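Here's the letter readout for the chains.
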Amino acid sequence: MSIKTFREALNEAMAEEMARDNSVFLMGEEVAQYDGAYKVSKGLLAKFGAERVIDTPISEAGFAGLGVGAAMAGLRPIIEMMTWNFAIQAFDQIINHAAKMCYMSGGQFNIPLVFRGPNGAAHMLGAQHSQNLDPLLVNVPGLKIVSVSTPADGKGLLKSAIRDNNPVIFFESEMMYGMKGEVPDGEYLIPLGVADIKRPGTEVTLLTWGKITHLALRAANQLANDENIDVEVIDLRSLVPLDEALIYASVRKTHRVVIVEENWPYASVGSHLAERIQWHCFDDLDAPIAKISQRAVPIPYADNLEHAALPQVEQVIAAVKAVCYR
């Protein structure tokens, strides 16, 4: 076990998989000569050479399509999007080709392809660089969706994503790349579709994923200290497939649910979670399901307005107290 930053854990995952399997390669803007826009690919060019760590032109649609073709030909591409906001340019390749090719070919073509990069708001980057795209892509059959919150989860889930024979959308965050945590050395895999209880509790289930998990944990610890409310925090980690069994088991234990998401509120991932929970756990609920989302506005550039648009600890605390009738 070693202490590593989030970017180092992702780098280690890619390096281990590239060393294990010669069909794995990395492609994207500035991933080679510049060591990556956020230094996630640092040192990989020197280690594996220019045929396996490839700088691309600024054309997301172009290199996403190249990745789909490479996957059809038997390779395992890792496509880095400098930010998922730019990946909107590649949605035709991701949604119409990567996601559908196995189905439309009657299973003749697997698409073992990972699209990875930072998603959601960072800090004062403006509306065109701050949106969270997981609600759009979870609706596309054929894609697996991962959103990680810790260095260890980053390594374990990225290695599993690279080995998967389906296209995997791997969401990261600029604000987590410098975050440090314990990471297992050597071979370490986390199966896709398995959520994690980041904080056990008995009174309220708090569902979240991605970097917002850390906000949820701060709120849960503050509630325990100030209000004596024991909150269970579940990090979904994988949005597709979804670990429904763990979610329902927690709800049947706590009888109360608060969902915290960095998504716009309408037709969001949280909306789907609320629908699933009320269908499967209706008789177990002692209070209505609460959902905290970001405001339904483009994320502002100004620091104070960005803060007002995104979920905050105070909102989580208020929602938990409300479902506990406190």
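A brief look at the structure comes next. (Residues numbered from 1 in each chain as written. Predicted model: local features only at pLDDT ≥ 70, side-chain atom pairs only at ≥ 80, totals over all residues. Heavy atoms only, no water.)

## Structural notes on the overall build of the protein
- Of the regular secondary structure elements, the protein holds twelve helices and 14 strands.
- For 326 residues, the compact-globule estimate of 2.2 N^0.38 gives 20 Å, and the protein sits close to it at 20 Å.
- Counting only C-alpha atoms, the protein reaches 60 × 45 × 40 Å along its principal axes.
- Buried residues in the protein amount to 56% of all 326 residues.
- Of the roughly 13400 Å² of accessible surface on the protein, 55% is carried by carbon and sulfur atoms.
- Distance from the positive charge centre (28 side chains) to the negative charge centre (39 side chains) of the protein: 2 Å. (Helix = DSSP H or I, 4+ residues; strand = E, 2+ residues; numbered from the N terminus. Rg over C-alpha atoms; globule rule 2.2 N^0.38 Å. Buried < 20%, exposed > 50% of the residue type's maximum accessible area, 1.4 Å probe, protein only. Areas by Shrake-Rupley, 256 points an atom, 1.4 Å probe, with all protein chains shown as cover. Lys, Arg positive; Asp, Glu negative; His and termini not counted. Charge placed at Lys NZ, Arg CZ, Asp CG, Glu CD.)

## With respect to the packing of helix H3 (residues 60–72) against helix H4 (residues 91–98)
- Running from amino to carboxyl end, H3 crosses H4 at an angle of 25°, the nearest separation of the two axes being 8 Å. Considering their axes alone, H3 and H4 lie roughly parallel with respect to each other. Taken together, the residues of H4 that come into contact with H3 (itself represented by Ala61, Ala64, Gly65 and Val68) are Gln93, His97 and Ala98.
- Across the contact of H3 with H4, the residue classes tally to four nonpolar, three polar and no charged. (Axes fitted to C-alpha atoms, helices over the stretch in contact; angles between N-to-C directions. Parallel < 35°, antiparallel > 145°, perpendicular 65-115°, else oblique. Contact = heavy atoms within 4.5 Å. Nonpolar A, V, L, I, M, F, W, Y, C, P; charged D, E, K, R; others polar.)

## What about the sheet that holds strand E6 (residues 144–147)?
- If you trace the seven strands from one edge of the open sheet to the other, you get E3-E2-E4-E5-E7-E6-E12, paired in mixed fashion. Each edge of the open sheet carries a strand with a single partner, namely strand E3 (53–55) and strand E12 (238–240). Neighbour-to-neighbour, the strand axes of this sheet turn through a mean angle of 20°, independent of strand direction.
- Of the strand pairs in this sheet, strand E4 (residues 76–80) and strand E5 (residues 114–118) are connected by three bridges, and their pairing is parallel. Pairing of Glu80 across the sheet is with Arg116, part of E5. (Pairing = 2+ DSSP bridges.)

## Describing the side chain of Arg237
- Considering the arrangement of structural elements, one finds Arg237 in the loop between strand E11 (231–235) and E12.
- Of the residues examined, Arg237 reaches a relative accessible area of 7% and is grouped as buried.
- For Arg237, the side chain forms a polar contact with the main-chain oxygen of Val194, separated by 3.0 Å.
- Setting aside anything within four residues of it in sequence, one finds Arg237 in contact with Ile145, Val146, Ser147, Asp153, Leu157, Ile190, Val194, Ala195, Asp196, Lys198 and Trp209. (Polar contact = N/O pair within 3.5 Å; in protein donor to acceptor, adjacent residues only side chain to side chain.)

## Focus on the sheet that holds strand E10 (residues 204–208)
- Sheet architecture is open: five strands sit in the order E9-E11-E10-E13-E14, paired in mixed fashion. Taken across any chain shown, the strands that pair with only one partner, and hence form the sheet edges, are strand E9 (196–199) and strand E14 (290–292). Averaged over all pairs of adjacent strands, the angle between their axes in this sheet comes to 25°, without regard to strand direction.
- As paired elements, E10 and E11 share five bridges and run parallel to each other. Counted as the bridge partner of Thr205 is Glu232 from E11.
- Packing against the sheet, helix H10 (residues 269–281) makes contact with E10, strand E13 (257–260) and E14, and its axis sits at approximately 160° to E13.

## A few points about the pattern of salt bridges
- Here the structure, examined in full by the defined rule, presents 26 salt bridges.
- Salt-bridge contacts for Glu12 lead to Lys4; the nearest nitrogen and oxygen are separated by 3.4 Å. For the pair Glu12 and Lys4, a shared accessibility class is recorded, and that class is buried.
- Residues Asp153 and Lys198 are paired through a salt bridge, measuring 2.8 Å at the closest nitrogen-oxygen approach. Remark: Lys198 occurs in strand E9 and Asp153 occurs in helix H7 (residues 151–163); sequence separation between them is 45 residues. (Salt bridge = Lys/Arg side-chain N within 4 Å of Asp/Glu carboxyl O.)

## Let's talk about the pairing of E4
- Taken across its five residues, E4 has five buried, putting it largely inside the fold.
- Alternating positions in E4 separate into two faces, Arg76, Ile78 and Glu80 on one and Pro77 and Ile79 on the other, with burial throughout.
- Judged from the five bridges that link them, strand E2 (residues 24–28) and E4 form a sheet pairing that is parallel. From the neighbouring strand, Phe25 faces E4, where its bridge partner is Pro77.

## Re the packing of aromatic side chains
- Following the criterion strictly, the structure yields three aromatic pairs and no others.
- Both rings, one in Phe6 and one in Tyr177, keep their centres 6.1 Å apart while their planes meet at 40°; by these two values the pair is tilted. With Phe6 in helix H1 (residues 6–20) and Tyr177 in the loop between strand E7 (168–172) and strand E8 (180–183), this residue pair connects regions lying 171 residues apart in the sequence. As far as burial versus exposure is concerned, Phe6 and Tyr177 are alike and both buried.
- On the numbers, 5.1 Å between centres and 70° between planes, the contact of Trp84 with Phe171 is edge-to-face. In this pair, Trp84 is assigned in the loop between E4 and H4 and Phe171 in strand E7, connecting sequence segments 87 residues apart. The residues Trp84 and Phe171 share a single accessibility class, namely buried.
- One cation-aromatic arrangement involves Lys39 over Tyr34; the distance from NZ or CZ to the ring centre is 3.5 Å. (Phe/Tyr/Trp six-rings, centres within 6.5 Å; stacked < 30°, edge-to-face > 60°. Lys NZ or Arg CZ within 6 Å of the ring centre and 35° of its normal.)

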